[in-house]
Every structure is written in structure tokens, then in C-alpha cells.
Amino acid sequence: MAEQLKILVCGDVEGKFKKLFTRVDNITKKSGPFDYLFCVGNFFGSSDEEFSPYKSGELKSPISTYVLGPNDATFLKHYPEVNGCELAHNITYLGKRGVFNTNSGLTIAYVSGVENSKLSKECQITEDDIDRVRTACIKSQQATYRGTDILLTSQWPAGITDLGKNSISNPPKGSVLLAKLAYQIKPRYHFFALEKRHYERPPYKNQIPGFGDHITRPIALANVANENKEKWLYAMNVKPLKYMRDYELYQLTTDTTECPFSFEDDVKHQQYFYDMNYRDRGDKNRKRKNRNEEFELRKQKVMNVSQDDCWFCLASPKFEKHLVVSIGEESYLTLAKGGLVADHVMILPIAHYRVYSEMPKSLRDEIEQFKKSLTLYCKSRGKVPVFFDRNFKTPHYQMQVIPIPSKLTAAARDLFMDLAEEKGLSLTEVPSTAKLEDISTSDSSYFYVEIGEYRLMHSIKKFFPLQFAREVLANERLLNLQDRIEWRNCPTSREEEEDILKTFRNDFSSYDFTA
């Protein structure tokens, strides 16, 4: 039986970090340990004085803490990377929107900001944010989509108090877009804040196409240490939906209401995603196989949408063709955008695969051919290629390749181990006899790096620094390029990229097996 996770969710912190983490520490000692703390609403306040010791490392959060982004331009200064980053040790900004999948199988959708067209784009919820989160949720659950475990937003969804048996006075206007998202992804829990009040609406029913009805529990949390002593910290045990049996999931409570939202005329939703209003009106004894086939067709629509939106699918309008070095039968080689060095390249599958183990053998063999060619190319220049990939926040598989001087091979291995230890990561040696397709399973998050004869892997449990490999290789002990750790800090014009490509393609041509 899958283990339940112990979760804490907090309302607006507003810069009161000492009171928050003192309370968390106390409740952890009494009822813990807890796996995660999630903060919705305004994390920062008018002063960042209390955050300084956490940022410097003098103080640390007692639990892995994940927060949403700014709801006002005033707080933008605290978020250096809009797509998510580490704010302090054990405190992570999730990003503007997305889906956070824990190693235990819990699925947490999140959207930062509020619905207000007058705000800057970093603080504003848009239709695109909703579409992307919806796509990610449905795709991750594939054909048998039954809902999402948790939805985290700062703003209330519009109309959430409708049909509730414990109505409140002067309910907030809320966000129509967030109401639509909740209606479509059907979370089991929905947490929100910003209104400095605690409100727990009776659960409402969700209609799941081809399955039963499960409930959503909407919960608004007040601000930390508020004068009215309203509830601002919520503790719960939750079992991931993916491991729940039908009789566990489809249990209604005596106070369950109908869904307060209605978007039945959402044509765009009907066109690209599962028909959320679909009800099986045929013979109840019809074989489950037929129903699964219908869901498979719906899944294919979702997959097509995600590929069109993928930066690395050749057919995507976002794909930058001018960076491609060569194309094989099932994979291709391309320059990396914002490369750490001029010959920083990536090997990618042409088809939309997320992880190495999902690929057919013919594709894996071709990727190995590219690796052998790049190894020979590097050797001719007195270098060794560092190959690395991760199954974490990466929708399309990518094997990154960064050459370093051959004499630094052992030093690179040692530095990966040293910096991993500093960051609380556990890199382990992978036996030479182990096959990557066997150890990089599709349902596990990992980081893998290969440096000459050394092969190292880290099993990602909760959080992983996305630029870890670049940070190691850019270190002064290796390439000494610390100002190029973040790829966005390496802007290059199209003309410069085309010149780099021309030079690399010419140098690599004698080793290119696709030529």
C-alpha cells in the first residue's frame, strides 16, 4: 500500500518568517515529521529583514518549503528567476505555473499571481497559464485521468462560495480563470489565500468521464499570526491519487454539494482536452477495453498539443532550426541555446520522449552513436565530453554535452561529488555493467552524468537545482566560467549562433555518422 504523505499548507506569510518557522518547528516536533510545507498568498512582506538570515544560511527552514510567486510588482525583487528557483536553503519558489510531482507520486498543480490585466506579466494570471497547467495535469495522468491531488493558487477562484451551505458575507470576487482551471483539472484539495480570512467550503462533486464522482475540498487560509486568530496553517495526511482505489476516491461526504462552477460551453477545452462532460450512456456491461480506447484517442489529442508547444520537437513552431548540427533517423544533434562553451551541444530524440527508458532500442542505439562520434571529436582536441541528463521538469529528453580538457576528467568527477554533498544531493557511482535504460525508469526523477569512465547518478526526492551541472563545470577548478552558469545570461544573436554552428559543423563533419 502506498504511503501517505504529511503536508503543511500556509496562508500569507507576509514576511513573518520567524513566526512561521517557529510554528512549523513546534508542530513538527509534536506531530511530525512532515514531508513538505507549501505557502500560498504573499510570501514576502513590506520588509525583507527577517528573510536575510535565511538567505545567508544563518537560519534554515526546518522543512522543505515551496512558495508561490509575486502577486504585486513590489515583490518582484525577491524572485530572481520567473520559472522557479531556490530562494534560500530549503526554500524554493515553484515558478509562475506548472505541476510539481513528488517522488512519492503526489501531483500538485500551481499558479502564481492574480487575474488582473493591469499588473505586470510576472504577477498576472493569463489564459496561457491555465492552458499549460491543464495540459501538464492531463498529460501526466495520461488516458485514465481521474483528477489532480492538490491545486495551489494565491487568489480565490470566482464563485467558490456559491451553493455552499456555510456562505460567508462579502465573498471575494476571485478569478474566473482559476475557477475554470479547478473545474477542468478536478483537484482533491484547492488551497488559496490573499483575503486574510479562513474559509473551508463544504466539498463539491466532480464528474469524472467514464468513472465515478470524487470531491474537491476548497480551503482558504488566513495570514500568519493574524490578530483574529483565524487558521493560517493546515496540516493533513494525503495518499497520492494514483495509488487510490476507486472505493477510496469516490466517497462522498454528507455535506457534499454540486460543483459551483460551470464551463460547459468552453469550446477550446472540448477541442483539445478530454471531454470533461463525457458520460458513458452505453451499455453498462460494455467491456472496459472499449472505454479505454476512447480515452486513448483523447490522450492523443493532448499529446499533440504538448508536442506543438515543445521547444525541442522538430515540428513545433517554437523549434529553432538554425541551431541544428545534424539529423539522424530518430534523433538529432543541436547547439545548446546559451551554451556554456562554443561546442556545447545536445542530443535529442525527434519524437516526443521524456525519458531514456521510454525510447525504442533503435533510438537509444542512435543516441549512443552520437555519443561515440562526439567522444572521438573531443579526443581529437584533447578533450573529453561530459554527458548529462535529468528526468526532472523536462518534458522532452535531452542529453547535454559539454567538452572539458581531458586532464580534468578526474577533477570533474570529484567536483561533482563535492558540490553535490554541499547541496545535500547524493551522487552515487553507476556500475559500468548497468544499462541506462534500466536505471532511468520513467516513473522516477533522476540526474545522470557521464565523464569518461565515470558514471554518476542522483535520485531526486524533492528538489533539484536545475543548473547544477553547469554550475559544476563552470567552477573555477574546471572551466572558470562562473558568469555563464545561467543560460539566459549568455545572450547570442542569431548571426553569432549561425557562425558558431558553421564552425562546429565543419569541425565535427569527419566524425558525423549521419553525413
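What comes next concerns the included structure. The structure displayed is predicted, hence computed values, not measured ones.

Turning our attention to the sheet that holds strand S14 (residues 324-327). Remark on secondary structure: sheet strands pair via backbone hydrogen bonds, oriented parallel or antiparallel. Read from one edge of the open sheet, eight strands run S14-S15-S16-S18-S17-S20-S21-S19, paired in antiparallel fashion. Only two strands of the sheet have a single neighbouring strand rather than two, namely S14 and strand S19 (428-429). Sheet topology places strand S20 (residues 446-451) next to strand S21 (residues 454-459); six bridges connect them, and they run antiparallel. Residue pairing for S21: Ile451 is matched across the bridge by Tyr454.

Next up on the list: the pairing of strand S4 (residues 85-88). Pairing between S4 and strand S5 (residues 91-93): three bridges, direction antiparallel. Along S5, the bridge assignment pairs Cys85 with Tyr93. Here S4 hands over to S5 after two residues, with Asn90 in that stretch at a positive phi of 70 degrees.

This part covers the side chain of Thr28. Here Thr28 shows up in helix H1 (residues 17-31). Using a relative accessible area of 19% as the deciding quantity, one classes Thr28 as buried. When near neighbours in sequence (up to four residues on either side) are disregarded, Thr28 contacts Pro33 and Phe34.

A complete count under the given rule lists 22 salt bridges for this structure. Across the salt bridge formed by Glu368 and Lys371, the nearest N and O atoms sit 3.6 Å from each other. Taken together, the residues Glu368 and Lys371, both in helix H8 (residues 361-379) and three residues apart, mark about one turn of the helix. Where salt bridges share partners, they join Lys96, Arg97, Asp128, Asp129 and Arg132 into one cluster.

Reading the values: the criteria
Residues numbered from 1 in each chain as written. Predicted model: local features only at pLDDT ≥ 70, side-chain atom pairs only at ≥ 80, totals over all residues. Heavy atoms only, no water. Pairing = 2+ DSSP bridges. Helix = DSSP H or I, 4+ residues; strand = E, 2+ residues; numbered from the N terminus. Buried < 20%, exposed > 50% of the residue type's maximum accessible area, 1.4 Å probe, protein only. Contact = heavy atoms within 4.5 Å. Salt bridge = Lys/Arg side-chain N within 4 Å of Asp/Glu carboxyl O.

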